[in-house]
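Commentary on secondary and tertiary structure
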Amino acid sequence: MTPLPDCARAKAYPPKSLADIVGHHATVQRLRGRFRRDRHDVPLLLYGPSGVGKMTVARMYAKALLCDTPRGDRSLPCGECVACREFGEHGSRNLDFYLMDSVRHHSVRDLLEHFNVVPHGPRRVVIIDNFDKAHPQFAD
């Protein structure tokens, strides 16, 4: 049997936590360090060419951050709570998770005001895709 290429393997077996991510050791260690220090107040900027896993890393960080009952290592989501179960492969029904495309929205503030967003839990996660293509006003 021929082994799957890395991109096909990642799609066939998507990671369930930061610990499952392969090939981004330094980035994953920095993110896991944020959980050890409980410091999540500084925004993250993940950059690189298309297809290297930026969105996957961001989504696994968000999943761990929003988990209601994390394990001893807070960077590992339980996978069983409501927040984890709602965090599907293509999106989340979690009220504190927003995935937005900067090409379609003028600013994060506009998006949050438009949907009258009120945080549901102790944290709110906004992932901004295509930031490099955003209008200069977006950084407002």
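Keep in mind the model is a prediction, meaning the values are calculated, not measured.

Things to note about the overall build of the protein
Within the protein one finds five helices and two strands. Sequence-ordered secondary structure for the protein, helices as α and strands as β, is α-α-α-α-β-α-β. Split into buried and exposed, the 140 residues of the protein put 32% on the buried side. In the protein, 59% of the contacts between residues at least 6 apart in sequence involve partners at least 24 apart.

A look at the pairing of strand β1 (residues 97-101)
Within β1, four of the five residues are buried, leaving the element largely enclosed by the surrounding structure. By the bridge criterion, five bridges tie β1 to strand β2 (residues 125-129) in an arrangement that is parallel. Bridged to Tyr98 within β2 is Val126.

Description of the environment of Gly33
Inspection of the secondary structure puts Gly33 in helix α2 (residues 25-37). Linking Gly33 and Arg74, residues 41 residues apart in sequence, is a C-alpha distance of 9.9 Å.

Observations concerning α2
With 13 residues, α2 extends 18 Å between its outermost C-alpha atoms, agreeing within 8% with the 18 Å of an ideal straight helix rising 1.5 Å per residue. Buried within α2 we find Val28, Leu31, Arg32, Gly33, Arg34 and Phe35. Elements in contact with the buried residues of α2: α3 (54-66). One or two steps after α2, the chain reaches Asp38, where phi turns positive at roughly 50°.

Quick look at unusual backbone geometry
Within the chain, Asp38 stands out as a residue other than glycine whose phi angle is a positive 50°. Looking at the element boundaries, Asp38 is found in the loop between α2 and α3. Judged by relative accessible area, which is 45%, Asp38 ranks as partly exposed.

Quick look at the pattern of salt bridges
Applying the stated rule across the entire model yields two salt bridges. A salt bridge links Arg32 to Asp73; the nearest nitrogen and oxygen atoms lie 2.3 Å apart. In this pair, Arg32 sits in helix α2 while Asp73 sits in the loop between α3 and α4 (82-86), placing the two residues 41 residues apart along the sequence. The exposure class of Asp73 is partly exposed, given its relative accessible area of 29%. Salt-bridge contacts for Arg39 lead to Asp41; the nearest nitrogen and oxygen are separated by 3.1 Å. Assessed through its relative accessible area of 45%, Arg39 is described here as partly exposed.

Remarks on the state of the cysteines
In the structure shown here, the tally under the stated rule is zero disulfides. Summary of cysteine pairing: Cys81 is not part of a disulfide, and the nearest cysteine sulfur, belonging to Cys78, is at 3.6 Å. With no disulfide of its own, Cys84 lies closest to Cys67 among cysteine sulfurs, the gap being 3.6 Å. Classification of Cys84 as buried rests on a relative accessible area of 4%.

The rules behind each value
Residues numbered from 1 in each chain as written. Predicted model: local features only at pLDDT ≥ 70, side-chain atom pairs only at ≥ 80, totals over all residues. Heavy atoms only, no water. Helix = DSSP H or I, 4+ residues; strand = E, 2+ residues; numbered from the N terminus. Buried < 20%, exposed > 50% of the residue type's maximum accessible area, 1.4 Å probe, protein only. Contact = heavy atoms within 4.5 Å. Pairing = 2+ DSSP bridges. Expected span 1.5 Å × (residues − 1). Salt bridge = Lys/Arg side-chain N within 4 Å of Asp/Glu carboxyl O. Disulfide = S-S within 2.5 Å.

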